[in-house]
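Here is how the chains run, residue by residue.
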Amino acid sequence: PRGATDVAVEPLAGGVGGAGLWFGVSDLLLATSVDDEGRGPVVRDGLGIVPAPRAAFATTDPVYVVLEAYGLAMDEGRTRTTVEATLRPVARRGGLLGRLFGRGQGPGVSVTTEASGVRADEVVSFFIDIRDQDPGRYTLTVTVEDAVAGRSASAQREVVLE
């Protein structure tokens, strides 16, 4: 009664960027671990992923992030990307008091990494060390910059640190 199948999907026409390629990023898949050897309940492009569907993480563990970048431009057969992830506390205060006394729970954390690949559609994975963050609600924003074409795309997701 259960099974899997492969389905061929044609590239999207038009979109952002040169050569008619659409450029963008997928939703963020959050995980408690990512294994480079494909061991895990979910396997995506050779990565074994243990998803975190509740998007809740202990502050003693890292947050693993997996996403796909689509329509990357090539330079001599290679892509070049910069990935920036920011994890910022959700504002606790709103209105005038929030503007006067500050919003949120602290500065949050940011990581940046550079990567290259050989395909216009690449799976990107990384982790964020959250050990110094306070428990609470956070907004995770990931921006992928296509360094070859000079364009960027972002995705956001709310995360809870416990």
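Just above, that's the structure.
Residues numbered from 1 in each chain as written. Predicted model: local features only at pLDDT ≥ 70, side-chain atom pairs only at ≥ 80, totals over all residues. Heavy atoms only, no water.

Asks: Where do I start with the overall build of the chain in this structure?
Replies: When helices and strands are counted, the chain shows one helix and 11 strands. Starting at the N terminus and ending at the C terminus, the chain contains elements arranged as β-β-β-β-β-β-β-α-β-β-β-β. Within the chain, residue pairs in contact and separated by at least 24 positions form 69% of the contacts whose partners lie at least 6 positions apart. Accessible surface, the chain: about 9,800 Å² in total, of which carbon and sulfur atoms supply 50%. (Helix = DSSP H or I, 4+ residues; strand = E, 2+ residues; numbered from the N terminus. Contact = heavy atoms within 4.5 Å. Areas by Shrake-Rupley, 256 points an atom, 1.4 Å probe, with all protein chains shown as cover.)

Asks: In this structure, what is going on with the environment of L72? I would like to understand it.
Replies: The topology assignment puts L72 in the loop between strand 6 (63-70) and strand 7 (79-89). In this structure, the C-alpha to C-alpha distance between L72 and R151, residues 79 residues apart in sequence, is 9.2 Å.

Asks: Which parts of the structure should I look at to understand the environment of A120?
Replies: Structurally, the position occupied by A120 is in the loop between strand 8 (109-117) and strand 9 (122-128). Residue A120 is classed as partly exposed on the basis of its relative accessible area, which comes to 28%. The sequence separation of A120 and A73 amounts to 47 residues, and the corresponding C-alpha distance is 6.3 Å. Aside from chain neighbours lying at most four places away, what touches A120 is A69, Y70, G71, L72 and M74. (Buried < 20%, exposed > 50% of the residue type's maximum accessible area, 1.4 Å probe, protein only.)

Asks: Looking at this structure, how should I read unusual backbone geometry?
Replies: Backbone geometry follows two general trends: most residues other than glycine have a negative phi, and most peptide bonds adopt the trans configuration. Positive phi is not limited to glycine here, since A55 has a value of about 55°. Considering the arrangement of structural elements, one finds A55 in the loop between strand 4 (47-51) and strand 5 (56-57). The phi dihedral of E76 falls on the positive side, at around 55°, and the residue is not glycine. Assignment of secondary structure puts E76 in the loop between strand 6 and strand 7. Relative accessible area serves as the criterion here: at 78%, E76 is assigned to the exposed category.

Asks: What is the right way to look at the packing of aromatic side chains in this model?
Replies: The relative placement of two aromatic rings is captured by the distance of their centres and the angle of their planes. This structure, assessed with the given rule, holds two aromatic pairs. Note on W22 and Y70: the rings are 6.0 Å apart at their centroids and 35° apart in plane angle, and the pair reads as tilted. Of the two residues, W22 is situated in the segment before strand 1 (24-25) and Y70 in strand 6; the sequence distance between them amounts to 48 residues. Ring centres of Y64 and F127 lie 5.8 Å apart, and the angle between their planes is 45°; this geometry places the pair in the tilted category. Within this pair, whereas Y64 is found in strand 6, its partner F127 is found in strand 9, the two being separated by 63 residues in sequence. Judged by its relative accessible area of 48%, F127 falls in the partly exposed class. (Phe/Tyr/Trp six-rings, centres within 6.5 Å; stacked < 30°, edge-to-face > 60°.)

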